[in-house]
Amino acid sequence: MKRGFAKALQREPQIAALLATDSQPQKIGLLAQRGVYEFHQAPELLSRKDGAQQVAEMLKLNQQSAVVEERVKLILQNYQQHPILFGKNIIQLSRGDEGVPQAIIIKQGNYLFNFYAAIDCIFVEPDGRLHILDFKTGKSDFDRRQAYIYLLAASYLYRSQPAIASFYNLETGKQSDPISATAGTLKAFQIELALIAQKHQKQLKLYRDNPADFSIIFPANPGFSCGYCSFNSICQFSSVSEVAA
C-alpha cells in the first residue's frame, strides 16, 4: 500500500504534501548523513574540541524539533569520536539530500527497466576493492538484500572493479561484516528485480483502469514498519498507535 500511495496517488494534493515532508526518522537519517558529509568536507573539524557543535550549527539543528536536535547532536558527537571514514580513499560521499539518483538501465531478457540505488558512500580498500558503506540510524536491522542491491548497482557503475558492502549504525556504532556477492547471486537479484518491476507496472495499469480497487491492488501490510511510514497519518490500516504504545 505504501508503494501505491507513493506511485499511484503521488499527484493527489494530500499525498504530494506528505511526499514532500520528511518524517522524524527520515529527518534524523538525512541530517546524520549530512553531518558525516560536512565532517569530511572540513576534516579539521574532527580534531577540534567544538567540531560536533560546529557541524550542528551548519545543519541548523536548533531549528529542528527537540528530539531530532538531541539525537543528531549525539550522532555528531559519536562520529567525531569514531570517524569510520577517516583516512579512507573516499570516491563518493552523499550529502543525503541529492534526490533520486540517475537511473541505471538494466536489460533482463527482452525487458528493460530503470534501476535506482542511492548509495551513501564508496571508498577504495587498500587491496583495490570498492567498499560501499550504508549509514543507518535508529533500530533498523541490517538487511543483506540491500547490500546485494548496492553490489548489483556497483557491477554496472564500476564494471571492472570487485566490490563489497557493509552497514554502519551512526547511533549505536554497530557495523556489519563485509558482504560480497557472486556473479550468480547478482544475476538472481537482477532477475528478481525485473519481476518486481513488471509486477509494479501491472499494478499501476490495474489501478488506472480500476481506481476504486486501490486497497485490493496495493494490499495493506500493517505492522511495526507503519511507525516509519510517511503515510501512516492517512492510512486506515496503519498500526502506528500500537507501535507508539
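To be clear, the structure that these remarks concern was listed above.
Read on for an overview of the structure. Quick caveat, the model's predicted, so the values are computed rather than measured.

The rules we used
Residues numbered from 1 in each chain as written. Predicted model: local features only at pLDDT ≥ 70, side-chain atom pairs only at ≥ 80, totals over all residues. Heavy atoms only, no water. Helix = DSSP H or I, 4+ residues; strand = E, 2+ residues; numbered from the N terminus. Rg over C-alpha atoms; globule rule 2.2 N^0.38 Å. Buried < 20%, exposed > 50% of the residue type's maximum accessible area, 1.4 Å probe, protein only. Contact = heavy atoms within 4.5 Å. Areas by Shrake-Rupley, 256 points an atom, 1.4 Å probe, with all protein chains shown as cover. Lys, Arg positive; Asp, Glu negative; His and termini not counted. Charge placed at Lys NZ, Arg CZ, Asp CG, Glu CD. Phe/Tyr/Trp six-rings, centres within 6.5 Å; stacked < 30°, edge-to-face > 60°. Expected span 1.5 Å × (residues − 1). Arc of directions from axis to C-beta. Pairing = 2+ DSSP bridges. Axes fitted to C-alpha atoms, helices over the stretch in contact; angles between N-to-C directions. Parallel < 35°, antiparallel > 145°, perpendicular 65-115°, else oblique. Left-handed = near helix turned anticlockwise from the far one by under 90°. Disulfide = S-S within 2.5 Å.

### What to know about the overall build of the chain
Part 1 of the reasoning: Each helix and strand counted, the chain has 9 helices and 6 strands in total.
Part 2 of the reasoning: The C-alpha atoms of the chain give a radius of gyration of 20 Å, which matches the 18 Å a tight globule of 245 residues would have.
Part 3 of the reasoning: Principal-axis analysis of the C-alpha atoms gives the chain an extent of 60 × 45 × 30 Å.
Part 4 of the reasoning: A burial count over the chain gives 41% of its 245 residues as buried.
Part 5 of the reasoning: Taking as baseline every contact in the chain between residues at least 6 positions apart, the subset at least 24 positions apart corresponds to 64%.
Part 6 of the reasoning: Here the chain has roughly 14,400 Å² of accessible surface; of this, 50% comes from carbon and sulfur atoms.
Part 7 of the reasoning: With 26 positive and 22 negative side-chain charges, the chain shows a separation of 6 Å between the mean positions of the two kinds.

### Focus on the packing of aromatic side chains
Remark: the centre distance and the inter-plane angle together describe each pair of aromatic rings, the angle taken between the planes.
Part 1 of the reasoning: Scanning all chains against the criterion turns up 8 aromatic pairs.
Part 2 of the reasoning: Ring geometry for phenylalanine 5 versus phenylalanine 214: centroids 5.4 Å apart, planes at 45°, classification tilted. One end of the pair, phenylalanine 5, is in helix α1 (residues 2-8); the other, phenylalanine 214, is in helix α8 (residues 214-217), with 209 residues separating them in the sequence.
Part 3 of the reasoning: With a centroid separation of 5.3 Å and 45° between ring planes, the pair formed by phenylalanine 214 and phenylalanine 218 is classed as tilted.
Part 4 of the reasoning: Grouping aromatic residues by their ring pairs yields a cluster made of Phe5, Tyr207, Phe214, Phe218 and Phe231.

### Thoughts on helix α5 (residues 66-81)
Part 1 of the reasoning: For α5, which comprises 16 residues, the first-to-last C-alpha distance of 23 Å matches the rise-based estimate of 22 Å (1.5 Å per residue) to within 8%.
Part 2 of the reasoning: Those residues of α5 lying buried are Val68, Glu69, Val72, Ile75, Leu76, Tyr79 and Gln80. Each buried residue of α5 sits inside an arc of 130° when the element is viewed along its axis, so together they form one side. Exposed positions of α5 whose direction lies more than 90 degrees from the buried face are Ala66, Glu70 and Gln81.
Part 3 of the reasoning: Close packing links the buried residues of α5 with α3 (24-41) and α4 (51-58).

### Brief notes about the sheet that holds strand β5 (residues 130-136)
Part 1 of the reasoning: The sheet built from 4 strands is open, its strands ordered β1-β4-β5-β6 with mixed pairing. Two strands lie at the open edges of the sheet, namely β1 (89-93) and β6 (163-169), each paired on one side alone. The average angle at which neighbouring strand axes cross in this sheet is 25°, direction not considered.
Part 2 of the reasoning: Taken together, the 7 bridges between β5 and β6 define a ladder with parallel strand orientation. Residue leucine 130 lies in a different strand from β6, and its bridge partner there is alanine 163.
Part 3 of the reasoning: The strands that α3 touches are β1 and β5; relative to β1, the one it contacts most, it runs at about 135°.
Part 4 of the reasoning: Packed onto the sheet, helix α6 (residues 144-157) meets β5 and β6 and runs at close to 140° relative to β6.

### Side note on the packing of α4 against α5
Part 1 of the reasoning: Here α4 crosses α5 at 140°, and the two axes come no closer than 9 Å. By the criterion of interaxial angle, the relationship of α4 to α5 is oblique. For the pair α4 and α5, the sense of crossing is right-handed. Taking contact as the criterion, the partners of Gly51, Ala52, Gln53, Val55 and Ala56 in α4 are, on α5, Lys73, Leu76, Gln77 and Gln80.

### Topic: the state of the cysteines
One covalent bond between the sulfur atoms of two cysteine residues makes up a disulfide.
Part 1 of the reasoning: Enumeration over the complete set of coordinates arrives at 0 disulfides.
Part 2 of the reasoning: No disulfide involves cysteine 226; its sulfur sits 6.5 Å from that of cysteine 235, the nearest cysteine.
Part 3 of the reasoning: Overall, the relative accessible area of 17% leaves cysteine 235 in the buried class.

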